[in-house]
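Overview (structure and organization)
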Amino acid sequence: MNAAEAAGVLLAPPTEQEPDAAYAALHAHGPVLQVSEPLYLVAGYAAVDRALRDPAMETFDAAHLEAAWPGWREYRAVALFADSMLRSNPPHHTRQRRLAAGVFTARRVSALRTVIAEQVDELLDELTAYGNGVDLVGRLAYPLPIAVITALLGVPVADRGKFRRLAEALTGVLEMHWTEADRVRADAAADELIDYFGHLVEVRREEPADDLVTALAAAHDADGERLTADELLANLALLLVAGFETTTNLIGNAVVLLLDHPAYAEKLRDDAELAPAYVEEVLRIDSPVQLTTRRVARPAEVGGVAVPAGAELVLLLGAANRDPARFDKPDVFDPDRQGVSPLSFGAGVHYCLGAPLARMEAQVALPALVRRFPDLALAGRPKRRARMNLRGWRELPVTLTR
């Protein structure tokens with residue numbers, strides 16, 4: 001596969017195909033590939049890292065959409081993300097993120113470790129009834145992070161079950177390619193989430209609690225300028241979906257890697273202190289988020305290539321994490337490697353707010369799982385979701401006992 005063929009694979013409608021060969025072809029070409037006059041694929045670690053931190057590289061915010069895509073607000077899911085901090089640039093991004101960051105402080109996240117451990121133990125207790133076969137996505141990788149993020153937000157326990165379906169539909173528009181059917185499902189999910197959080201905000205205004213819904217609603221009510229009504233609902237929906245979607249993929253990807261490498265699973269079983277290094281290597285070799293995009297606000301240099309204002313960059317996080325110029329034997333799962341620093345959660349001002357929480361959930365869950373079920377094994381090869389960006393497994397069938 002040459003670089004042009006690799007670009008064709010990566011820019012085609014998503015399938016279950018693994019992108020590893022395409023990433024290797026791009027690395028053989030160089031850190032940056034110009035695909036067309038406005039479009040560049042960025043695969044090199046150093047180039048992606050620098051672009052993520054460069055203020056000249058902006059997200060596609062509402063102003064950019066307004067100029068390039070008349071009528072874009074009719075697409076409710078696109079509009080929902082555009083109103084959130086995910087698709088905003090400073091100073092709007094700075095204002096929105098500062099408000100949400102108050103709930104994701106290091107102290108508060110650290111205090112959740114005991115709660116996460118208790119939740120993991122409960123979920124593992126429930127798994128014992130499924131010794132002959134169980135889907136670990138449905139029984140562990142999804143319910144753990146949804147329990148944690150809904151608790152932070154202040155979402156009632158009884159409502160947790162609905163969000164997996166809504167997230168699957170809503171995040172379809174985060175892919176580079178989506179169909180009209182994808183758009184219809186995403187818009188319906190956006191409307192449902194907006195209605196849901198609109199109601200919950202009203203409840204929390206009457207019954208305040210120590211949660212993110214209450215905090216952000218108060219920020220909006222203070223003067224209407226710190227957070228607009230659209231931004232309030234958009235960021236609540238974003239934090240919910242992002243709070244479990246990537247963590248679900250992280251845990252699922254990690255389980256498959258461990259079961260494919262039983263010697264490492266045994267080491268983790270014997271020493272839970274290895275979990276942080278294992279999680280970093282999982283993030284590197286099988287990132288739950290494979291790419292992000294940027295628009296070049298003014299002429300700049302990316303990976304030694306001059307790019308003009310208005311150019312569009314596809315920053316391939318998954319490829320950067322496998323760059324042979326940065327990592328020795330990049331396609332080998334090696335939790336013992338040093339200085340990993342994967343770009344899976346981004347970098348710069350848009351670095352994922354929930355990254356420490358996602359890491360902690362995986363660090364607690366993985367050693368507990370392999371300790372509780374030493375005979376854990378795959379029940380056949382799992383199948384990928386047909387996604388290029390949000391990378392995970394549709395189901396993860398395993399057996400718990402021999």
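All right, on to the packing of aromatic side chains then. Inspection of every chain in the model, using the stated rule, returns 9 aromatic pairs. Between the aromatic rings of Phe 163 and Tyr 196, the centroid separation amounts to 5.5 Å while the plane-to-plane angle is 80°, which identifies the pairing as edge-to-face. Taken together, the residues Phe 163 in helix α11 (residues 163-170) and Tyr 196 in helix α12 (residues 180-206) connect sequence positions 33 residues apart. Its relative accessible area of 1% is what places Phe 163 among the buried residues. On the basis of relative accessibility, which here comes to 13%, the residue Tyr 196 falls in the buried class. When the centroid spacing of 5.4 Å and the interplanar angle of 85° are considered together, the rings of Tyr 196 and Phe 197 count as edge-to-face.

In this section: the nonpolar core. In terms of nonpolar packing, the biggest core is built from 101 residues, with Leu 136, Leu 153, Phe 163 and Phe 197 touching the most fellow members. It is helix α14 (residues 229-260) that contributes the most residues to this core, 18 residues altogether. Apart from residues lying up to four places away in sequence, Phe 163 is in contact with Tyr 142, Ile 146, Thr 150, Val 155, Leu 193, Tyr 196, Leu 240 and Phe 244. With 24 residues, the next largest nonpolar core counts Val 307, Leu 315, Val 340 and Ala 347 among its residues.

Right, let's get into the side chain of Asp 323. Of note, Asp 323 is situated in the loop between α17 (317-320) and α18 (355-372). Within the buried core, Asp 323 has no salt-bridge partner, and the shortest N-O distance to an opposite charge, that of Arg 326, equals 7.8 Å. Ignoring sequence-local partners within four residues, the contact set of Asp 323 consists of His 27, Gly 44, Tyr 45 and Pro 330.

So, about the side chain of Thr 214. Within the element layout of this structure, Thr 214 appears in helix α13 (residues 212-223). Judged by relative accessible area, Thr 214 falls into the buried class, the value being 15%. Sequence-distant contacts of Thr 214, that is, excluding residues within four places in its chain, are made with Arg 204, Pro 208 and Ala 209.

Glancing now at the pairing of strand β2 (residues 39-42). Alternating residues of β2 divide into Leu 39 and Leu 41 and Tyr 40 and Val 42, and every residue in both groups is buried. Pairing analysis gives 3 bridges linking strand β1 (residues 32-34) to β2, with the strands arranged antiparallel. Across the sheet, Leu 33 pairs through a bridge with Leu 41, a residue of β2. Counting the residues in the hairpin turn of β1 and β2 gives 4 residues. The pairing of β2 with strand β8 (residues 312-316) spans 4 bridges and is parallel. Across the sheet, Leu 41 pairs through a bridge with Val 314, a residue of β8.

By the secondary structure assignment, Gly 304 is in the loop between β6 (300-302) and β7 (305-307). Exposure remark for Gly 304: the relative accessible area of 63% places this residue in the exposed category. Between the alpha carbons of Gly 304 and Val 32 there is a distance of 8.2 Å; along the sequence they are 272 residues apart.

Bringing the pattern of salt bridges into the picture now. Summed over all chains, the structure comprises 28 salt bridges. The shortest N-O distance in the salt bridge between Glu 18 and Arg 391 comes to 2.2 Å. Separated by 373 residues along the polypeptide, Glu 18 in the loop between α1 (3-11) and α2 (20-29) and Arg 391 in the loop between β9 (377-378) and β10 (397-399) bring together distant segments of the chain. Given a relative accessible area of 33%, Glu 18 falls into the partly exposed group. In this structure, Glu 168 and Arg 387 form a salt bridge, with 3.6 Å as the shortest nitrogen-oxygen distance. Taken as a pair, Glu 168 in helix α11 and Arg 387 in the loop between β9 and β10 lie far apart in primary sequence, 219 residues in all.

For the rest of this paragraph, the subject is α18. At 3.6 residues per turn, the α-helix brings residues three or four places apart onto the same side. A rise of 1.5 Å per residue sets the reference length of α18, with its 18 residues, at 26 Å; its end C-alpha atoms lie 26 Å apart and thus fit the reference within 8%. The buried fraction of α18 amounts to 15 of the 18 residues, a majority that puts the element mostly inside the structure.

In this section: the sheet that holds strand β4 (residues 134-135). Strand order in the open sheet formed by 3 strands is β4-β10-β9, and the pairing between neighbours is antiparallel. Because the sheet does not close on itself, it has two edges, and the strands there are β4 and β9. As judged from the 2 bridges shared by β4 and β10, these two strands associate in the antiparallel manner. Bridge pairing in β10 places Asp 135 opposite Pro 397.

Conventions and cut-offs
Residues numbered from 1 in each chain as written. Predicted model: local features only at pLDDT ≥ 70, side-chain atom pairs only at ≥ 80, totals over all residues. Heavy atoms only, no water. Phe/Tyr/Trp six-rings, centres within 6.5 Å; stacked < 30°, edge-to-face > 60°. Helix = DSSP H or I, 4+ residues; strand = E, 2+ residues; numbered from the N terminus. Buried < 20%, exposed > 50% of the residue type's maximum accessible area, 1.4 Å probe, protein only. Core = buried A, V, L, I, M, F, W, Y, C linked by side-chain atoms within 4.5 Å. Contact = heavy atoms within 4.5 Å. Lys, Arg positive; Asp, Glu negative; His and termini not counted. Salt bridge = Lys/Arg side-chain N within 4 Å of Asp/Glu carboxyl O. Pairing = 2+ DSSP bridges. Expected span 1.5 Å × (residues − 1).

Shape descriptors only; they carry no functional weight alone.
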